[in-house]
Structures are given as C-alpha cells and as structure tokens.
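# Report on the structure
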Amino acid sequence: MSKRTLYSIIAILILLGVYSYEYFLNEEEKAEVVSEGKSTKSDTNAYFLPTSTTGQIIHHEGYSLSYSEPHEQAEWVAYELKKSQLSNSNFERPYFEIDKAVKTGAAHWRNYKNSGYDRGHLCPAADRRYSQLAHDETFLTSNISPQKHDFNAGIWNTLEQKVRYWASKYDGVFVITGGVLNGKMKTIGDEAVSVPNQFYKVLIDNNSGKPKMIAFLMPHEDSNKPLYEFVVSVDTLEKLTGIDFFPELDDAIENQLEASSSYKGWSF
DNA sequence: CTGTTGCGC
DNA sequence: GCGCAACAG
C-alpha cells in the first residue's frame, strides 16, 4: 500500500468521524427542540391532530396538546400509544412543572394544592413509560386537569387501563383526551383553573386496514357502570366541544365513523 | 395503577 | 423547594 493510499484512507475515516459527530449533534438538537414544544409533528398515517379552538397547539416529544388559557388547561391532549411503547419500567414520580412552551403561561401546580382535587393526567404517565423523558414530560401542568380523586382513581383509571389493553390487542391506538371546557364550572387556585364537569376520550385504530373509532363521555364522578355505557359518537363530542377530531381523514370515512356510537370491533 | 400528605433540610 | 417515607382507593 502506498503512502498516498494510506493518507487517503485516513482522511476518509476522519471525515466520516466528523460527519457522524455532526449528525449526532443534529439529532440532539432536534430532540431538544421537540421537548421544548417548538417543532411540528409531521402528518403520518398514525398521527391525527384535532383542530384547536384556542389557536395554541404545542408538540412535545410524547404528546401534543391544545392549551386553553381561559381554563388554564389543555382542551385536548393527543398521542399515539404503540404496542411497542407499552413498558413495565417504573420511573419515580417527578415534580410537576410549568410547561414553558405555553406562551400564555401554563398554570402553576400550586393551584391544585389543598384544592381537594387531584392533578389528573390527561396523557397518563403509564402510557409514556418507554423513556424517562417521555414519562417525565407527562408531569407538565399543561397535561393536568383537576379531577376528583374517586373519579381519577376509579372509572377514569379503568378506562385508561382499557386503552392500554386495546393498544396491546390492536397493535397501537391513537388517543385524544380532555375535559369538556364548557358551561358553568367551578375553579380552583389563584389562577382559576376550571374544573370540568365531564371528561372525554376518543380512540382511533388505524392499524388494522380499515380505521375504527370509539369515543367516551363521562360525568366527573366515579361510577360502577361498565365502560361501554359511556360510549358516544364522535359527532356528539364535536358538537359539545367545538373540536373537529379527525380533519385529515377522508370525508366519507370520517362522516360514517364519527356518526356511529357503536362499539362493535372494540373488545371489552 | 391512580394519587396526597407530612417532615427534615 | 427538594427528597423521602407513609398512606389510601
């Protein structure tokens, strides 16, 4: 091997090293931007963003949300729960933090202190256990709504567990959830965080060929009724909230699926 | 799993 | 305010 050839090889190796290093840095920067909620999630077949009635959509690494400043909480939180993301890792509960990506200023956790209400996760911590970052991110106050403890630890928890069951059974589901920010509501704390009178959840499974949907609307109180008694059509929720849940979906399919309050195809 | 409260620093 | 332990449905 000539000296010249040797130098060429060394030069190529150095260039590769520098390139890899820069690529690595870019990846880091991207992750940083996402966690600050500044980037835009690309529209994939698996990612459905509802419309925002507030004009403030924020993207985090593990979920997106639309923040309602008057009510100091999200009007919806949306995320895909893949089967591969289901995890048993048990992270320690971090402290709640103000979501700095909310330009109008997200609520402080102090509003909930001694209020008698739980800091209820909208995107459950248990749905984001595939990484420490994703898990800890669910403890931003933009992902929290005041919930009665009996409700949160009761039927709402049961529903969240059912979502994980479906994510496993159907190889992933897309989830949209929030409180109904309508009508007369009690408020808590100095910042007057609204206490929703109802909570909803909308699911779409687009992994089995033809998409299927199911929606739940629950009064803000615990119940012993079976989950399927709370199934409503997506149309009902859209009328109630003013949110268009699947604007990207083909209109014909959207109309048909959203009108249905049948839970056929969803195994309880 | 879903959470809160109390205590020491 | 943070870290940790104890407790409740």
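Residues numbered from 1 in each chain as written. Chains lettered and ligands numbered in written order. Predicted model: local features only at pLDDT ≥ 70, side-chain atom pairs only at ≥ 80, totals over all residues. Heavy atoms only, no water.

In the nomenclature of an unreviewed UniProt entry, chain A is known as Endonuclease of Hwangdonia lutea. Heading Sequence similarities (unreviewed entry) of the UniProt record for chain A holds this comment: "Belongs to the DNA/RNA non-specific endonuclease family." Under the UniProt heading Cofactor (unreviewed entry), the entry covering chain A gives this text: "Mg(2+)". (UniProt positions renumbered as here; feature names shortened; annotations may be inferred.)

### Quick look at the protein's contact with DNA strand B
The environment of DNA strand B is made up of 17 residues, and the closest members are Arg93, Arg119, His121, Arg129 and Asn152. Residue Arg119 places a side-chain N or O atom 3.2 Å away from a phosphate oxygen belonging to DNA strand B. The dominant element in the surface near DNA strand B, judged by the number of residues it contributes, is strand E4 (residues 118–121), at 4 residues. (Near = heavy atom within 4 Å. Polar contact = N/O pair within 3.5 Å; in protein donor to acceptor, adjacent residues only side chain to side chain. Helix = DSSP H or I, 4+ residues; strand = E, 2+ residues; numbered from the N terminus.)

### What to know about the UniProt feature "domain: ENPP1-3/EXOG-like endonuclease/phosphodiesterase" (unreviewed entry) in chain A
Under the UniProt annotation, "domain: ENPP1-3/EXOG-like endonuclease/phosphodiesterase" (unreviewed entry) lies at residues 60–252. End C-alpha atoms of residues 60–252 are separated by 31 Å, and the span's content is 18% helix alongside 27% strand.

### Notes on the nonpolar core
Counting residues in hydrophobic clusters, the biggest one holds 43 residues, and the most contacted among them are Val77, Trp166, Val173, Phe216 and Met218. Of all the secondary structure elements, the ones that give two or more residues to this core are strand E2 (64–68), strand E3 (73–81), helix H4 (155–169), strand E6 (173–179), strand E8 (193–195), strand E9 (198–205) and strand E10 (212–219). Once residues lying within four places of it in the same chain are set aside, the contact partners of Phe216 are Leu159, Trp166, Phe199, Tyr200, Lys201, Leu227, Phe230, Val231, Val232, Leu237 and Phe268. Among the nonpolar cores identified, the runner-up in size contains 22 residues, and Tyr47, Ile176, Val202 and Leu217 belong to it. (Core = buried A, V, L, I, M, F, W, Y, C linked by side-chain atoms within 4.5 Å. Buried < 20%, exposed > 50% of the residue type's maximum accessible area, 1.4 Å probe, protein only. Contact = heavy atoms within 4.5 Å.)

### Quick notes on the protein's contact with DNA strand C
Contacts to DNA strand C come from Tyr95, Trp109, Arg110 and Ala153. Atoms of DNA strand C within 4 Å of the protein belong to the sugar or the phosphate in 50% of instances, the rest to bases. Contact between DNA strand C and Tyr95: a base nitrogen at 2.4 Å from a side-chain N or O atom of the residue. Between DNA strand C and Arg110, the relevant distance is 3.4 Å, taken from a phosphate oxygen to a side-chain nitrogen or oxygen of the residue.

### A short note on unusual backbone geometry
Trans peptide bonds make up most of the peptide bonds, and negative phi angles are found at most residues other than glycine. Positive phi is not limited to glycine here, since Glu72 has a value of about 55 degrees. Mapped onto the elements, Glu72 comes out in the loop between E2 and E3. The backbone of Ala192 sits at a positive phi, close to 55 degrees, despite the residue not being glycine. Summarising the element assignment, Ala192 is placed in the loop between strand E7 (186–188) and E8. Among the residues examined, Ala192 registers a relative accessible area of 29% and is labelled partly exposed.

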